[in-house]
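Each chain is listed here by its residues.
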Amino acid sequence: EAAHDAGMMLGWYFSPMDWRDPDCRNDKNAEFVKRMQAELRELLTNYGKIDVLWFDTDGRSSPWDQDVTYSLVRKLQPDIVINNRLDIGGHKEWTVQSIGPWADFYTPEQYVGGFDNQRPWESCMTVSAHNQWAWGGSGDGVKSLESCMNMVISGAGGNGNILMNVGPTPLGEIAPEQANRIKEVGAWLKKYGKSIYGTRGGPFKPGYYGVSNHKGKIIYLHLRNLGGGTITLPGIEAKIKRAKLLTGGRVSYTQSFDVITVTVSREHSQPIDTIVELMLDRDASKIAPVSIKAITPTQ
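Keep in mind it's a predicted model, so treat the numbers as computed, not measured.

K.L.:
What's the story with the overall build of the chain in this structure? I'm lost.
P.N.:
Along its length, the chain carries 6 helices and 13 strands. Dimensions of the chain along its principal axes, counting C-alpha atoms only, are 70 × 40 × 35 Å. Taking all 299 residues of the chain together, 44% fall into the buried category. Excluding contacts between residues fewer than 6 apart, the proportion of contacts in the chain whose partners are at least 24 apart in sequence is 62%. On the chain, roughly 15700 Å² of surface is accessible, and the fraction owed to carbon and sulfur atoms is 53%.

Structural data, given as structure tokens:
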């Protein structure tokens, strides 16, 4: 009710397997699955609109009567988004990260997915300094702001999403250091969120310079650890009409048929992300993604 009242989307994490249930994964598994499906019916019926269902896996077999289970979920919540883990079983399937006929996206864990503009993906990451999903106690700690922002920016540049996990304490609270870090990420997004939200990765694939993403006629270059200098990018089939430094200061560029250079002075480079906005003469989504060669930036 609190989530709905606040206008927030609501998602459930759901573990199909139950290590404590004596009927799970044995000759009584069919009975277990019926109870599991009843739990899903309850969760997807009694709490209003549910936007996300996030199944988990333990990497073992997946005897969850997938066709019936997925069909039940879609019938109860037609607009829900479902991850791929109900279908995953075993190391090979985990490595491939397939998306079955019922699922919507795949789920790299504790690493940011690579560039993929063909299949939807979302990396699940932890804010905990010790990579804990549940709260790790008073010594759990928290990742640096730079590390958390690298997740967000790399996800956008790879054409995916980032799920940033925090684990509540036994009192149902978020540890102050983790809550403060999430607030810092939110403050950054309040200033520069237009370069993240609603964008797609590319057309320049991730490389030495950082990452790029685009929306409409705009390409955003996220230059990380630039320290001032010039980056060299491949040419694209579009004309750059202007360049702007979203993070403040001035930026210059040159463009030829096969090379684009972008120069930012050291004084205008930011420690986490220097964002360059390139306005094009056409929709950036029409430009095919291009790989970045290992070019050493000019200082």
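Still to come is the rest of the account.
K.L.:
Would you mind going over the packing of helix 5 (residues 145-157) against helix 6 (residues 176-192) with me for this structure?
P.N.:
Two packed helices can be described by the angle between their axes and the distance between those axes. Where helix 5 meets helix 6, the closest approach of the two axes is 10 Å, and the angle between their N-to-C directions is 50°. Relative to helix 6, the element helix 5 is oriented oblique. Once helix 5 is placed against helix 6, the crossing between them reads as right-handed. For the pair formed by helix 5 and helix 6, the contact residues are L145, C148, M149, V152 and I153 on the first element and R181, E184, V185, W188 and L189 on the second.

K.L.:
Before we go on, may I ask you to explain the packing of aromatic side chains in this structure?
P.N.:
Geometry of an aromatic ring pair is reported as the spacing of the ring centres plus the angle between the planes. Throughout the structure, instances matching the rule amount to 8 aromatic pairs. Ring centres 5.9 Å apart and planes at 20° place the aromatic pair Y13 and W54 in the stacked group. Highlighted residues: Y13 in strand 1 (residues 11-14) and W54 in strand 2 (residues 52-55), separated in sequence by 41 residues. Among the aromatic residues, ring-to-ring pairing joins F14, F55, Y70 and W102 into one connected group.

K.L.:
Sorry if this is basic, but what is going on with the nonpolar core here?
P.N.:
For soluble globular proteins, nonpolar side chains are generally found buried alongside one another. Within the largest apolar cluster, 22 residues are counted, with the highest numbers of intra-cluster contacts made by F204, L221 and V276. Broken down by secondary-structure element, the contributors of at least two residues to this core are strand 8 (218-223), strand 9 (229-234), strand 10 (240-245), strand 12 (259-264) and strand 13 (274-280). In terms of nonpolar packing, the next biggest core, distinct from the first, is built from 20 residues, L10, V33, L53 and V73 among them.

K.L.:
For this particular structure, what's the right way to read helix 5?
P.N.:
If you check helix 5, its first and last C-alpha atoms are 18 Å apart, about what 13 residues at 1.5 Å a residue would give, namely 18 Å. Within helix 5, burial applies to C148, M149, M151, V152, I153, S154, G155, A156 and G157. In the core, the buried residues of helix 5 are packed alongside strand 4 (122-126), strand 5 (161-165), helix 6, strand 6 (200-201), strand 7 (210-215) and strand 8. At the C-terminal side of helix 5, N159 shows a positive phi close to 75°.

K.L.:
Hey, could you run me through the packing of helix 2 (residues 29-43) against helix 3 (residues 66-76) in this one?
P.N.:
Here helix 2 crosses helix 3 at 15°, and the two axes come no closer than 10 Å. Classified by the interaxial angle, the pair formed by helix 2 and helix 3 is roughly parallel. Like other packed secondary-structure pairs, helix 2 and helix 3 cross with a definite hand, here right-handed. Contact residues: M36, Q37, L40 and R41 in helix 2; V68, T69, L72, V73 and L76 in helix 3.

K.L.:
In this structure, what is going on with unusual backbone geometry? I would like to understand it.
P.N.:
The general pattern is negative phi for most residues beyond glycine and trans for most peptide bonds. At the junction of G202 and P203, the peptide bond is cis and its omega measures out at 10° in the coordinates. By the secondary structure assignment, P203 is in the loop between strand 6 and strand 7. Phi is positive for Q97, close to 55°, though the residue is something other than glycine. Considering the arrangement of structural elements, one finds Q97 in the loop between helix 4 (91-96) and strand 4. Phi at N159 takes a positive value of approximately 75°, unusual for a residue other than glycine. Here N159 shows up in the loop between helix 5 and strand 5. N159 sits in the buried class, given a relative accessible area of 18%.

K.L.:
For this particular structure, what's the right way to read the side chain of S154?
P.N.:
Inspection of the secondary structure puts S154 in helix 5. Non-local contacts of S154, meaning those with residues more than four positions away in its chain, are made with V112, V211 and R224.

What counts, and at which threshold
- Residues numbered from 1 in each chain as written.
- Predicted model: local features only at pLDDT ≥ 70, side-chain atom pairs only at ≥ 80, totals over all residues.
- Heavy atoms only, no water.
- Helix = DSSP H or I, 4+ residues; strand = E, 2+ residues; numbered from the N terminus.
- Buried < 20%, exposed > 50% of the residue type's maximum accessible area, 1.4 Å probe, protein only.
- Contact = heavy atoms within 4.5 Å.
- Areas by Shrake-Rupley, 256 points an atom, 1.4 Å probe, with all protein chains shown as cover.
- Axes fitted to C-alpha atoms, helices over the stretch in contact; angles between N-to-C directions.
- Parallel < 35°, antiparallel > 145°, perpendicular 65-115°, else oblique.
- Left-handed = near helix turned anticlockwise from the far one by under 90°.
- Phe/Tyr/Trp six-rings, centres within 6.5 Å; stacked < 30°, edge-to-face > 60°.
- Core = buried A, V, L, I, M, F, W, Y, C linked by side-chain atoms within 4.5 Å.
- Expected span 1.5 Å × (residues − 1).

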